[in-house]
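# Fold and geometry: a report
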Amino acid sequence: MKLWKHQEEAVRLCRERNFFAFLFDMGTGKTRTALEVLLEKMSKEGEVFPTLILVPKIVTIQWFRELQALGHETVTKATTILEDSGKNKAKQLEDTTKKVFITNHESLALEPTKSALLAKPWRALIVDESHRFKNPVKRTATAIKIADKCEYVFLLTGTLVTNTFQDVWGQWRILHRGLVPDSHFSFRHRFFIDKNSNMPRARYFPNWVVRDDRVPELSQLIADHSMRVKKEDVLTLPPLIRTKVYVELTKDQRAHYDRMERDFITFLGDDACVAEMALTRLLRLMQLASGIFKLDGGEVRTVDVAKLEALRELVSQICLEAKEKVIIWSFWRATYGQLSSLCNELGLKFSMITGEQSMKDRQANIDAFNNDPDTSVCIANQAAAGVGVNLQAAKYMIYYTKGFSLEHDLQSEARAYRAGNKNPSITRIDIVTANTVEETVLEALEKKFETSELLHRIREKNGPTKRGAGHSKKN
């Protein structure tokens, strides 16, 4: 298939560059672009040189298939996927007949694969979804060590920044040594300021923001070594229709929810607020709104709620009456059984994409949904199926439960709303429990707020002085 104009431009830009970042929106062809650049480099040198391609686990097979589709038989024969245990991965890396290795991000942090990867004389490194290397953690450190030995380094992501511009450090440090300081601390000191540095110690939490006088420098640093492609600028896609279906909490749900909400809002107003604990309580509220009860002993129970009845009606209309395909997105593992039972009750053939599946099983489920006309439903987890997966057979997406990750929301939506979807329109339906935190989370995601800002939105909307102060007096 012929390259799009923006892909051709990206390949041209990389002819005289050995490192570059493709900041392409989901569905705009960044995988194909990176492979074209790599193959052009190999063609110029007249050899298939040692290349490591780091990708999310779920898309390793997809990357191999994209490479196969380009028709470079010599490169395809020299390519393999590392997908077994650590010992098997290390043994595969000893295979001298293979030059291009595709493996998941997690391989960088696990022995003995980590040591085997570091020992290999790589000449090229491709990192897909590079924003997952934003933090100074073990796998980022390993990726940096590998990148520093490579002549060619290419990054791919549609979301360079998912929380703050501090996310740039890990990615740009991998991209090329010298672009940013070697130390994350030094990078932060140079470009950021902690606006809460003068807060009393008992109430302190960091709030790093880009220094006004450093914004031009940071922006230029990104622009000089990347190409930004927005979906709406380069693709003619079917219209995306967004709609919401509101349901109410049951009486029992409301009692549990109100109790948790009082504790949560009080906690947000506490002088010793800790973000991680606040987020845990936020998750509990969202679980309760979806009929998921986590007991003190760790046992998780689900109850039938209005959400499930709304879903039953929607799926019946879409699959049984209109004969269309739908993705049901659910963030919570506890709901899988309910959703599977619903499909069975309606007599609908379905596939599932979850984090517990092997790559082979996951790909089989993806293929079934896209290619089998009788498979009308795909039950998918946003984290497991939200990256690099093509589910373009879907005309509808129903968000049954969701988390508060902006990345997961954008990525999952792009699984169907992408090039290759032949439907005249694509409809996203969010099932929302009224008068709960789900409304605030959806609003925050629609406005592309990040997690830290989300907590502030909840506090403003619900008013800590109303529920929080009242609860404090009772205690």
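About the thresholds
Residues numbered from 1 in each chain as written. Predicted model: local features only at pLDDT ≥ 70, side-chain atom pairs only at ≥ 80, totals over all residues. Heavy atoms only, no water. Helix = DSSP H or I, 4+ residues; strand = E, 2+ residues; numbered from the N terminus. Contact = heavy atoms within 4.5 Å. Areas by Shrake-Rupley, 256 points an atom, 1.4 Å probe, with all protein chains shown as cover. Salt bridge = Lys/Arg side-chain N within 4 Å of Asp/Glu carboxyl O. Buried < 20%, exposed > 50% of the residue type's maximum accessible area, 1.4 Å probe, protein only. Pairing = 2+ DSSP bridges. Axes fitted to C-alpha atoms, helices over the stretch in contact; angles between N-to-C directions. Core = buried A, V, L, I, M, F, W, Y, C linked by side-chain atoms within 4.5 Å. Right-handed = clockwise from strand over helix to strand, strands pointing away. Parallel < 35°, antiparallel > 145°, perpendicular 65-115°, else oblique. pLDDT = per-residue confidence, 0-100. Phe/Tyr/Trp six-rings, centres within 6.5 Å; stacked < 30°, edge-to-face > 60°. Lys NZ or Arg CZ within 6 Å of the ring centre and 35° of its normal.

### Digging into the overall build of the chain
- Counting its regular elements, the chain contains 21 helices and 17 strands.
- Counting only contacts in the chain whose residues sit at least 6 apart along the sequence, the fraction spanning at least 24 positions is 71%.
- Only carbon and sulfur atoms are counted for the fraction: they give 50% of the accessible area of the chain, which is about 21,900 Å².

### Description of unusual backbone geometry
- P112 follows E111 through a cis peptide bond whose omega is 5°.
- Tracing the backbone through its elements, the reader meets P112 in the loop between β4 (100-104) and α6 (113-119).
- With a phi angle near 50°, E129 is a residue other than glycine that sits in the positive phi range.
- Inspection of the secondary structure puts E129 in the loop between β5 (124-128) and α7 (138-149).

### Regarding the pattern of salt bridges
- The final tally for this structure, using the stated rule, is 30 salt bridges.
- In this structure, R139 engages E106 in a salt bridge whose closest nitrogen and oxygen atoms are separated by 3.6 Å. Residue R139 is found in helix α7, and its partner E106 is found in the loop between β4 and α6; the two are separated by 33 residues along the sequence.
- On the basis of relative accessible area, E106 is assigned to the partly exposed category, the value being 37%.
- Between R173 and D148 there is a salt bridge, with the nearest N and O atoms lying 2.8 Å from each other. Taken as a pair, R173 in helix α8 (residues 168-175) and D148 in helix α7 lie far apart in primary sequence, 25 residues in all.
- We classify D148 as partly exposed; its relative accessible area is 36%.

### Considerations on the sheet that holds strand β2 (residues 51-55)
- Taken together, the seven strands give an open sheet; going across it, the order is β3-β4-β2-β5-β6-β1-β9, and neighbouring strands pair in parallel fashion. Both edges of this open sheet fall to β3 (79-81) and β9 (226-229), since each of them pairs with a single strand only. With direction set aside, neighbouring strand axes in the sheet form an average angle of 15°.
- Inspection of the sheet shows β2 paired to β5 by four bridges, in the parallel sense. Residue pairing in the sheet places L52 in a bridge with L125 of β5.

### Section: the environment of P112
- The exposure class assigned to P112 is partly exposed, which follows from its relative accessible area of 34%.
- For P112 and K89, which are 23 residues apart along the polypeptide, the C-alpha to C-alpha distance reads 8.2 Å.

### Side note on the nonpolar core
- F22, W63, I327 and L391 are the most contacted members of the largest nonpolar core, which has 56 residues in total.
- No other element matches the six residues that helix α2 (residues 30-45) contributes to this core.
- In this structure, F22 is in contact with A10, C14, K30, T33, A34, V37, F154, L155, L156, T157 and M227, ignoring residues within four places of it in sequence.
- With 38 residues, the next largest nonpolar core counts F19, A143, L175 and L218 among its residues.

### Considering the pairing of strand β14 (residues 349-353)
- Note: β14 against strand β15 (residues 375-380), five bridges, orientation parallel. When the bridges of β15 are listed, K349 appears paired with T375.
- Handedness of the crossover is the feature at issue here: the chain leaves β14, passes through helix α16 (residues 359-371), returns alongside β15, and the resulting connection is right-handed.

### Describing the packing of α7 against α8
- Look at α7 against α8: their axes get within 8 Å of each other, and the N-to-C directions meet at 25°. Judged by the inter-axis angle, α7 sits roughly parallel to α8. In this structure, α7 contributes T140, A143, I144, A147 and D148 to the contact, and α8 contributes W169, G170, R173 and I174.

### Focus on helix α3 (residues 60-69)
- Taken as a whole, α3 has its buried residues at T60, I61, Q62, W63, F64 and L67.
- Following α3 by one or two positions, G71 adopts a phi angle in the positive range, close to 80°.

### Quick word on the confidence of the model for the chain
- Per-residue pLDDT for the chain has a mean of 86; in total, 89% of the residues score no lower than 70.
- Across the chain, element-level confidence peaks in strand β6 (residues 152-156) with a mean pLDDT of 98 and bottoms out in helix α21 (residues 467-474) with 36.
- Every residue in residues 463-475 is under pLDDT 50, and counting partners more than four places away or in other chains gives 17 contacts.

### Description of the packing of aromatic side chains
- Inspection of the entire model under this criterion finds nine aromatic pairs.
- One aromatic cluster is present, built from ring pairs that chain together F20, F22, F24 and F154.
- Positioned above the aromatic ring of F49, the side-chain terminus of R123 is 4.8 Å from the ring centre.
- Geometry around Y399 places R428 over its ring, the cationic atom sitting 3.8 Å from the centre.

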